[in-house]
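Each chain, letter by letter, is given below.
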Amino acid sequence: AQTVTQSQPEMSVQEAETVTLSCTYDTSENNYYLFWYKQPPSRQMILVIRQEAYKQQNATENRFSVNFQKAAKSFSLKISDSQLGDTAMYFCAFMKGETSGSRLTFGEGTQLTVNP
Amino acid sequence: EPEVTQTPSHQVTQMGQEVILRCVPISNHLYFYWYRQILGQKVEFLVSFYNNEISEKSEIFDDQFSVERPDGSNFTLKIRSTKLEDSAMYFCASSLTGVYGYTFGSGTRLTVV
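Not measured: the values here are computed from a predicted model. (Residues numbered from 1 in each chain as written. Chains lettered and ligands numbered in written order. Predicted model: local features only at pLDDT ≥ 70, side-chain atom pairs only at ≥ 80, totals over all residues. Heavy atoms only, no water.)

1. Here we look at the state of the cysteines
All names here are of chain A. Tallied over the full model, the rule gives two disulfides over all chains. Paired through a disulfide, C23 and C92 show a sulfur-sulfur distance of 2.0 Å. One disulfide, between C23 and C92, carries an S-S torsion of -70° and so falls in the left-handed class. Taken together, the positions of C23 in the loop between β3 (19-21) and β4 (24-26) and C92 in strand β10 (residues 88-96) put the pair 69 residues apart, joining distant regions of the chain. Given the relative accessible area of 2%, C23 is considered buried. Judged by its relative accessible area of 0%, C92 falls in the buried class. (Disulfide = S-S within 2.5 Å. Helix = DSSP H or I, 4+ residues; strand = E, 2+ residues; numbered from the N terminus. Buried < 20%, exposed > 50% of the residue type's maximum accessible area, 1.4 Å probe, protein only.)

In structure tokens:
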């Protein structure tokens, strides 16, 4: 079974600064996908960024980028130029890649607060 | 942008009653899911559905739960006899390929009293 661990329950950052959220996972799979989801106060789950395990290049989406270290089973999210709207719970998630439609396994989440 | 729509947004029910949570996935998506999130806890997988049948279910998804896609557009989750511990946010999600990542609905908050 896969496990996903987010060791930072809460973090805060000043507006316009950079923050990094940590995530580690445990799996024996070689083919998998990793995701970061954002859950603002509205509670909707919004996909932030996705990484295929077979790709060495780190994924980037505008101000959001990841540091994917496959050997260390680490998948951190960096948010640059933090904005007030980035305040949310952030979940790291894992999906096996062998079968389409596999479940997502989520971490416990990190509550990020962006301060003005 | 296409959305996954869930209704109702909030439902209160008596313990022991049946509830049906409704979802309209994105129209061309092929994979459908239900997840739940008990307040303050992580998001947990319940069930996935593909080609008109359950493709995977978790240990949470026992005989009290069932899913249906009755008319090709709706995707429902039924809880036959609700318990207090079923109180949670229930999220429906859909995916075209099953590997790109899902689109989640905005959830149904179920409160069992």
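The discussion continues.
2. Quick notes on unusual backbone geometry
Residue B:P8 is bonded to the preceding B:T7 through a cis peptide linkage, with omega at -10°. Considering the arrangement of structural elements, one finds B:P8 in the loop between β1 (5-7) and β2 (10-13). In this structure, A:R43 takes a positive phi of about 75° despite not being glycine. Topologically, A:R43 is positioned in the loop between β5 (32-39) and β6 (46-52). Even without being glycine, A:K73 reaches a positive phi, approximately 55°. Note on placement: A:K73 falls in the loop between β8 (64-69) and β9 (74-79). Residue classification places A:K73 among the partly exposed positions, given a relative accessible area of 26%.

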